[in-house]
There are 2 protein chains.
Amino acid sequence: MSIKIGIVGYGNLGRGIECSIKQNEDMELVAVFTRRNPDTVKILHKNIPVYHIDNILEFKDKIDVLILCGGSATDLPVQTPELAKNFTVIDSFDTHAKIPEHFANVDAAAKLGSNVAVISCGWDPGMFSLNRLYASAVLPSGKDYTFWGKGVSQGHSDAIRRIDGVLDAKQYTIPVDAALNAVRSGETPEFTTREKHLRECFVVAEEGADKAKIEEEIKTMPNYFADYNTVVHFISLEELRKNHSGIPHGGFVIRSGKTGWENENTHVIEYSLKLDSNPEFTSSVIVAYARAAYKLKKEGATGCKTVFDIPPAYLSAKTPQELYKEML
Amino acid sequence: MSIKIGIVGYGNLGRGIECSIKQNEDMELVAVFTRRNPDTVKILHKNIPVYHIDNILEFKDKIDVLILCGGSATDLPVQTPELAKNFTVIDSFDTHAKIPEHFANVDAAAKLGSNVAVISCGWDPGMFSLNRLYASAVLPSGKDYTFWGKGVSQGHSDAIRRIDGVLDAKQYTIPVDAALNAVRSGETPEFTTREKHLRECFVVAEEGADKAKIEEEIKTMPNYFADYNTVVHFISLEELRKNHSGIPHGGFVIRSGKTGWENENTHVIEYSLKLDSNPEFTSSVIVAYARAAYKLKKEGATGCKTVFDIPPAYLSAKTPQELYKEML
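Report on the accompanying structure. It should be emphasised that the depicted structure is a prediction, and the values quoted were computed from it without experimental measurement.

Read from one edge of the open sheet, 6 strands run β7(A)-β12(A)-β13(A)-β13(B)-β12(B)-β7(B), paired in antiparallel fashion. Of all strands in the sheet, those with a lone pairing partner are β7 (142–148) of chain A together with β7 (142–148) of chain B, marking the two edges. The sheet shows a mean angle of 10° between the axes of neighbouring strands, taken without regard to direction. Here strand β13 (residues 265–275) of chain A runs beside strand β13 (residues 265–275) of chain B; their pairing, made up of 9 bridges, is antiparallel. If you follow Ser272(A) over to β13(B), its bridge partner there is Glu270(B).

Given below as structure tokens:
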């Protein structure tokens, strides 16, 4: 008996979820739901239906976990609580500052429907959060650092594309090696924004555009680039497509801390990810937590949960006894 | 109101626990229990009593969590189930192959006493196990590798010391860089024992001892050294004391896996530890899980638990709401 999954929203993340389900033998994709005309949405599976989101309540008893693949800005704040009234749901809400508010809304809705809802699942928030928590609990006398990259920042790439004279662009966030190495050595420095990450931009300009002006506009853009050292490369559209079409990402969570009667010993805990595809890895994390949501719901749990609240064993298709034997 | 801790057994680990409790403001050391004559056991705190283990039942209502610091070979298989009948306990049982048996014994005893017992806590088993589990759940189509070191292996050092003509010795286990780098690149090679780790030995020989014979005896010792590339250095006792008196350790858990419709994307998850003091870091992990054991017991949980069964938030002194806000 497999876990029946529905996907809500079919972009990069929805497609990643579809791929990930194929790798998990205890799971089965039942349907994809979209706000678009379902006839226009082509998914990878030939034999799995796509429905309009308006029909979703018909699936209330046919789906164990709904995976919500919308955006954090406007989709999830509405969709997650709304759907949690009728389904066990999971989302990847990633606006860190608004997590407490989202949690409260989703928790109330999920309890109303006696459902489980897992929010803010992926790698940051998600696996990185877990590593910040474990490391800080284990080394209370210490400090942790999160570095992102090397990877594509969609928001920063979009910001460049909105500049006059820019045809297309891709922006990479890159951790500064000197900062990484200082933290790895067990030091606990205070960094400025500029000292932690640099930004590298590959820009395709329109013919005849003023490249110097574009570069200046990028480098001085408040919030996005002004606080960073930014490198701008102008390249051809062909080169952009050939060398910069992927969406890799990754990063590091490093905590160093002291132990001993006089804090005489130093320890460094480092967790890192090197990802070919940001949305596919995020999807893989979400699918593992969808399994956990299913198990929690079967046990009678209700309300909102995060990666902090879920016992690790719930993520695995193996039984606890198998895990003790094989992995502990 | 702080969590009242008792320590059973006072060697390197017990001393590490004592130091770690000092760093956690919500905890308080009540007493140390020993099989030795308590008058001969000097602990770091001046004002905390040491009792003979025979008196421990008098503390049944005065201690929230007993931390058991005995060895896995003979102490813990007896002590953990015995004490779990009367106390919430935690141990660092690390004989991987015997964990299922230990779990079953401790589970039965803890349930008999309506207590919580956490076993096999530390970094391997412990934090490394968690990382194997999380990584394998997230990347089901992949393979993981555990490397240990650079660090001191107590068992191997002891084995060298038993050789005729050896006064003292220290053995370091070192991961082979080529193997680490192959795994980090996303390859999933099969390694022989020799290809993953090498062993470096610092040996103090008795005056006039046959060094060539000692070296040969080390390198051909079955189980301990014969399957490894082993380097032997003969040094003076002064040099051993000066440069090799620490007990550093560490290691790496690396999993690479594929995602995508045709498994076209590769991801690498790496967790590493660089530890100045193996027993103090192990202690720090145990103390965080002692907090979790306390919370579980307060909720009415009973029976044996491992790091796989405990929600990460239980390790922290912060509330879940604080954690969502600050770390998620």
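Okay, the packing of helix α4 (residues 127–138) of chain A against helix α10 (residues 278–299) of chain B next. Where α4(A) contacts α10(B), the two axes come as close as 8 Å, and the packing angle between them is 105°. With respect to each other, α4(A) and α10(B) are oriented roughly perpendicular. Contacts between α4(A) and α10(B) pair Tyr134(A), Ala137(A) and Val138(A) from the former with Phe281(B), Ser284(B), Val285(B), Ala288(B) and Tyr289(B) from the latter. Residue composition of the contact of α4(A) with α10(B), grouped by class: 7 nonpolar, 1 polar and no charged.

All names here are of chain A. Note the cis peptide between Asp-124 and Pro-125, where omega equals 5°. Inspection of the secondary structure assignment puts Pro-125 in the loop between β6 (116–118) and α4. Even without glycine at this site, Ser-114 takes up a positive phi of about 50°. Counting through the fold element by element, Ser-114 comes out in the loop between α3 (99–112) and β6. For Ser-114, a relative accessible area of 41% translates into the label partly exposed.

Another point: the packing of aromatic side chains. Within a pair of aromatic rings, the relevant descriptors are the distance that separates the centres and the angle that separates the planes. The final tally for this structure, using the stated rule, is 19 aromatic pairs over all chains. Aromatic side chains Phe147(A) and Phe191(A) sit 6.4 Å apart centroid to centroid with 65° between the ring planes, which places their arrangement in the edge-to-face category. Linking Phe147(A) in strand β7 with Phe191(A) in the loop between α6 (177–184) and α7 (193–196), this pair joins segments that are 44 residues apart in sequence. For Phe147(A), a relative accessible area of 0% corresponds to the buried category. Of the residues examined, Phe191(A) reaches a relative accessible area of 24% and is grouped as partly exposed. Note on Phe128(B) and Tyr271(B): the rings are 6.0 Å apart at their centroids and 80° apart in plane angle, and the pair reads as edge-to-face. One end of the pair, Phe128(B), is in helix α4 (residues 127–138); the other, Tyr271(B), is in strand β13, and 143 residues separate them in sequence. Note on accessibility: Phe128(B) and Tyr271(B) belong to one class, buried. Ring pairing ties together the aromatic residues Phe33(A), Tyr51(A) and Phe59(A), which thus form one cluster.

Let us now look at the sheet that holds strand β9 (residues 166–175) of chain A. Residue and element names in this part refer to chain A. Read from one edge of the open sheet, 4 strands run β8-β9-β10-β11, paired in mixed fashion. Each of the sheet's edge strands pairs with one partner strand only, and the pair in question is β8 (151–152) and β11 (229–234). For strand β10 (residues 197–205) and β11, the ladder comprises 6 bridges, and the chain directions are parallel. Each residue of the ladder has a partner; that of Leu-198, found in β11, is Asn-229. Of the strands in this sheet, β8, β9 and β10 touch helix α5 (residues 154–161), which is tilted by about 145° from β9. The sheet contacts of helix α8 (residues 211–219) involve β9, β10 and β11, and relative to β11 the element is tilted by about 150°.

A few words now on empty space enclosed by the protein. Tallied over the full model, the rule gives 1 cavity of 30 Å³ or more. In this structure, the largest cavity spans a volume of roughly 80 Å³. Taken together, Met127(A), Asn131(A), Tyr134(A), Ala135(A), Ile269(A), Tyr271(A), Met127(B), Leu130(B), Asn131(B), Tyr134(B) and Tyr271(B) form the lining of the largest cavity. Of the residues belonging to the lining of the largest cavity, the class tally is 9 nonpolar, 2 polar and no charged.

With that settled, consider the pattern of salt bridges. If charged atoms from side chains of opposite charge come close, those side chains can pair. For the coordinates displayed, the defined rule picks out 26 salt bridges over all chains. The salt bridge partner of Arg161(A) is Asp168(A), with a shortest N-O separation of 2.8 Å. Look at Asp168(A) and you get partly exposed, because its relative accessible area is 23%. With its nearest N and O atoms 2.5 Å apart, the salt bridge here joins Glu326(B) to Lys318(B). Lys318(B) gets classed as partly exposed once you look at its relative accessible area, which sits at 33%. Within this structure, Asp158(A), Arg161(A) and Asp168(A) form a network of salt bridges that share partners.

All names here are of chain A. Structurally, Ala-104 is set in helix α3. Given the relative accessible area of 42%, Ala-104 is considered partly exposed. Expressed as a C-alpha distance, the spacing of Ala-104 and Gly-303, which sit 199 residues apart in the sequence, is 9.5 Å.

To continue, consider the relation of the copies chain A and chain B. Relative to chain B, chain A is turned by 180° and slid 0.0 Å along the rotation axis, the superposed coordinates differing by an RMSD of 0.0 Å. Such values leave the two copies arranged in the relation of a two-fold axis. In this assembly the copies share their binding face: 100% of the residues contributing to the interface of chain A also contribute to that of chain B.

Before going further, it helps to spend a moment on the pairing of strand β1 (residues 3–8) of chain B. Residues and elements named next belong to chain B. A large share of β1 lies buried, amounting to 5 of its 6 residues. Two strands pair when backbone bridges link them, and β1 and strand β2 (residues 27–34) are joined in this way by 6 bridges, in the parallel orientation. By the bridge assignment for β2, Val-8 is matched with Phe-33. For the segment spanning β1, helix α1 (residues 12–23) and β2, crossover handedness is right-handed. Note: β1 against strand β4 (residues 65–68), 4 bridges, orientation parallel. Looking across to β4, one finds that Ile-5 is bridged to Val-65.

We now examine the interface of chain A and chain B. Tallying the contact residues gives 70 residues for chain A and 70 residues for chain B. Area buried by chain A at its contact with chain B is led by Trp261(A), Tyr324(A) and Leu328(A), which between them contribute 15% of it. Taken together, chain A and chain B are joined by 0 salt bridges. The element best represented in the side of chain A that touches chain B is β13(A), accounting for 11 residues.

Analysis parameters
Residues numbered from 1 in each chain as written. Chains lettered and ligands numbered in written order. Predicted model: local features only at pLDDT ≥ 70, side-chain atom pairs only at ≥ 80, totals over all residues. Heavy atoms only, no water. Pairing = 2+ DSSP bridges. Helix = DSSP H or I, 4+ residues; strand = E, 2+ residues; numbered from the N terminus. Axes fitted to C-alpha atoms, helices over the stretch in contact; angles between N-to-C directions. Parallel < 35°, antiparallel > 145°, perpendicular 65-115°, else oblique. Contact = heavy atoms within 4.5 Å. Nonpolar A, V, L, I, M, F, W, Y, C, P; charged D, E, K, R; others polar. Buried < 20%, exposed > 50% of the residue type's maximum accessible area, 1.4 Å probe, protein only. Phe/Tyr/Trp six-rings, centres within 6.5 Å; stacked < 30°, edge-to-face > 60°. 1 Å grid on protein atoms, 1.4 Å probe; cavity = no way out; pocket = protein on both sides within 12 Å on 5 of 7 lines; lining within 4 Å. Points joined across faces, edges and corners; volume = space filled by probe spheres on them. Salt bridge = Lys/Arg side-chain N within 4 Å of Asp/Glu carboxyl O. Least-squares fit on C-alpha atoms with pLDDT ≥ 70 in both. Right-handed = clockwise from strand over helix to strand, strands pointing away. Buried area = accessible area lost by both parts, 1.4 Å probe.

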